[in-house]
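For reference, the chains in residue letters:
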Amino acid sequence: MLSILVCHSYFLRLDQKQVARAKPYPPLATLQVVSLLRKAGHHVMFFDAMLADGIDEYHRLLHSHQPQLVLFYEDNFNFLSKMCLATMRRAACDMIGSARRAGARVIAAGPDVSDASGPYLRAGADLALVGEGLSTLLELLPLGK
């Protein structure tokens, strides 16, 4: 089984309008993927960027756990990232680059990846899952305990 770091790149602190609203949301699709991968027998760590102070928290987790795979799985119903798209895309691409430098393979999935996979692939993602990526993801990763 694989060592997998599952994360998303929506940093609430980078979106001042949402900081002012003070109503963070749980990354449900990301959490569902964490659960499915754990159930399949993978060793899964989770990084929730929503309430993180910044990308340094991600870097610390990445380097302390050294996962084989980093999976960026954004909620498909994430209107918030569309409100601050350039900033969140930059954060995702920075995180992808860090994962590659750490020796991990990278898969990216989510609404912006589906709309514009190029930036994610150029940043170092090995695969971009277009559309609803769950079924493709489960076909890609070995399952079973």
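The coordinates are above.
The text that follows walks through the structure, step by step, so that each part is easy to find. Everything quoted here is computed from the prediction, not taken from an experiment.

What counts, and at which threshold
Residues numbered from 1 in each chain as written. Predicted model: local features only at pLDDT ≥ 70, side-chain atom pairs only at ≥ 80, totals over all residues. Heavy atoms only, no water. Pairing = 2+ DSSP bridges. Helix = DSSP H or I, 4+ residues; strand = E, 2+ residues; numbered from the N terminus. Axes fitted to C-alpha atoms, helices over the stretch in contact; angles between N-to-C directions. Core = buried A, V, L, I, M, F, W, Y, C linked by side-chain atoms within 4.5 Å. Buried < 20%, exposed > 50% of the residue type's maximum accessible area, 1.4 Å probe, protein only. Contact = heavy atoms within 4.5 Å.

So, on to the sheet that holds strand β1 (residues 3-7). The sheet built from five strands is open, its strands ordered β2-β1-β3-β4-β5 with parallel pairing. Each edge of the sheet is formed by a strand with only one pairing partner; in this case those strands are β2 (43-47) and β5 (127-129). Sheet twist, expressed as the mean angle between neighbouring strand axes with direction ignored, is 20°. Pairing geometry for strand β4 (residues 105-109) and β5, over three bridges, is parallel. Counterpart to Ala109 in the pairing with β5 is Leu129.

Ranked by size, the top nonpolar core spans 24 residues in total, and within it Leu5, Phe47, Tyr58, Val70 and Phe72 carry the most contacts. Put simply, the parts of the chain that give this core at least two residues each are β1, β2, α3 (55-65), β3 (69-73), α5 (85-101) and β4. Once residues lying within four places of it in the same chain are set aside, the contact partners of Phe47 are Leu5, Val6, Cys7, His8, Phe11, Ala52, Gly54, Glu57, Tyr58, Leu61 and Met95. Of all hydrophobic cores here, the second largest spans 15 residues; its members include Ala29, Leu37, Leu69 and Ala109.

These values are about where atoms sit, not about what they do.
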